[in-house]
Amino acid sequence: QGKGLFATKNIRKGETVFVERPVVSSQFLWNALYNYRACDHCLRALETAEENAQRLLGKSSLVLPHPEQCNIRKDLHQQCPRCQVMYCSAECRQAALEQYHQVLCLGPSREDPTHPLNKLQEAWRNMHYPPETSSIMLMARMVATVKQAKDKEWWIKAFSQFCSKTANEEEEIVHKLLGDKFKGQLELLRLLFTEALYDEHLSRWFTPEGFRSLFALVGTNGQGIGTSSLSQWVHACDALDLPLLQREELDAFIDQLYKDIEKESGEFLNCEGSGLYVLQSCCNHSCIPNAETSFPENNFLLHLTALEDIEAGEEICISYLDCCQRERSRHSRSKILRENYLFTCSCPKCLAQAEDADVTSDEEEEGEGETDDAELEDEMTDV
């Protein structure tokens, strides 16, 4: 787990604990293949709420009411003139250029499958199918950031703040991310990574041990970033002051829209990339968290919000599990946390259930002979 984060003052329920910008972030590589587009720097959705809904529903004729509640400004969108990567604004294009994009810009080689960066990305796609939980390009941006930086040591120190693991633990994490063939896959990724990005200042990151450590660092500290213009539109519609009948009609329309999207596209996951956040990575896990992360600004700015009153000196805990996983048995929760984060949870909920049988929720349901398929399917997560 992380280093632990503690409240320095009393925080009331619903209050924002902090807002944090990532040290580095990156879109998932499968986004483009699903025709999803987000700003290549801040991950703000580039499609309008209506376009978002049309894509998820597979229905180009869909028209959303109250289109003025969508805040996507297509007139502000810009692209890199050399490689055509898209940004939500001139500010994001400039920020990317100054931090890492000079190193990663493919220019006219964007469609060249033999370019080292394209080979690296294609190898990752062949190893890590959706849903992605990390991205090789997050590591690439870390390297590119150091390569472009004037003060390289400052950035290396910034990345060293994240929680690290022992060699055995790192191997477990990489195995979890890459599957049974992880040793061969990891070595292939390392060779491609080296060919595309090698830098003398970061020579340790390109050794087998250093690359494994870097991979494990991203695997355990990477925070999924969820952005959605449709979610933004829904929240804006919820805030509208409407006559009762219009309110009921709009709410019914939105409820049906989400049901139709789930039927067409499966689980509705607003998780389009990952990032490294220094403060957030310090938060330990609890199965009954007192704070939660969200992305209400439809970009990579992480908001940590109190779920209950938190007293000064009290530890601020988030959940590494989603809502459905938190409702599973203690043994199920422990199994997920052990496999993905390599620790055994000792939060108050787990301690209170310490005497429960060591069976997973699935095993309990099999024993009862009545797995609730509808419940298992209803795992829509709106990050």
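Residues numbered from 1 in each chain as written. Predicted model: local features only at pLDDT ≥ 70, side-chain atom pairs only at ≥ 80, totals over all residues. Heavy atoms only, no water.

1. Section: the overall build of the chain
Then, number 1: Regarding its fold elements, the chain presents 16 helices and 10 strands.
Then, number 2: Taking 21 Å as the expected radius of gyration for a compact globule of 383 residues, we find that the chain reaches 22 Å, a close match to that expectation.
Then, number 3: Principal-axis analysis of the C-alpha atoms places the extent of the chain at approximately 60 × 55 × 45 Å.
Then, number 4: For the chain, the residues scored as buried account for 49% of the 383 residues in total. (Helix = DSSP H or I, 4+ residues; strand = E, 2+ residues; numbered from the N terminus. Rg over C-alpha atoms; globule rule 2.2 N^0.38 Å. Buried < 20%, exposed > 50% of the residue type's maximum accessible area, 1.4 Å probe, protein only.)

2. A look at the pairing of strand 9 (residues 302–306)
Then, number 1: Across the five residues that make up strand 9, a large majority, five, are buried.
Then, number 2: Neither face of strand 9 is left uncovered, since the one carrying Leu 302, Leu 304 and Ala 306 and the one carrying His 303 and Thr 305 both have all their residues buried.
Then, number 3: Sheet topology places strand 1 (residues 16–20) next to strand 9; four bridges connect them, and they run antiparallel. Across the sheet, residue Glu 20 finds its bridge partner in strand 9, namely Leu 302.
Then, number 4: Sheet topology places strand 8 (residues 291–294) next to strand 9; four bridges connect them, and they run antiparallel. Note on strand 9: the bridge partner recorded for Ser 294 is His 303. (Pairing = 2+ DSSP bridges.)

3. Thoughts on the confidence of the model for the chain
Fine structural detail should not be taken from predicted coordinates in areas where pLDDT scores are low.
Then, number 1: Confidence along the chain averages 87 in pLDDT terms, with 90% of residues attaining 70 or more.
Then, number 2: Scored below 50 in pLDDT, residues 366–383 shows 23 contacts in the model against residues more than four places distant or in partner chains. (pLDDT = per-residue confidence, 0-100. Contact = heavy atoms within 4.5 Å.)

4. Overview of the sheet that holds strand 1
Then, number 1: Pairing within the open sheet is antiparallel, and its three strands lie in the order 1-9-8. Two strands in the sheet have a free side with no partner beyond their single neighbour: strand 1 and strand 8. Between one strand and the next, the sheet's axes are offset by a mean angle of 15 degrees, whatever the strand orientation. (Axes fitted to C-alpha atoms, helices over the stretch in contact; angles between N-to-C directions.)

5. Section: the domain arrangement of the chain
Then, number 1: In terms of domains, the chain is made up of domain 1 (1–22 + 277–354) and domain 2 (24–223).
Then, number 2: Once you take the C-alpha centre of each, domain 1 and domain 2 turn out to be 25 Å apart.
Then, number 3: Across the boundary between the two partners, domain 1 contributes 19 residues, which contact 19 residues of domain 2.
Then, number 4: Taking both partners together, domain 1 and domain 2 bury about 1,700 Å²; carbon and sulfur atoms supply 49% of that area.
Then, number 5: For the domain 1 face of the interface with domain 2, the top three residues by lost area are Asn 298, Phe 300 and Leu 342, together amounting to 32%.
Then, number 6: Taken together, the links from domain 1 to domain 2 amount to one salt bridge.
Then, number 7: Those elements giving two or more residues to the side of domain 1 that touches domain 2 turn out to be helix 11 (278–281) and helix 13 (330–341).
Then, number 8: Top contributing element to the side of domain 1 that touches domain 2 by residue count: helix 13, with four residues.
Then, number 9: Looking at the side of domain 1 that touches domain 2 residue by residue, the classes come out as eight nonpolar, seven polar and four charged. (Domains from an automatic or database assignment. Buried area = accessible area lost by both parts, 1.4 Å probe. Salt bridge = Lys/Arg side-chain N within 4 Å of Asp/Glu carboxyl O. Nonpolar A, V, L, I, M, F, W, Y, C, P; charged D, E, K, R; others polar.)

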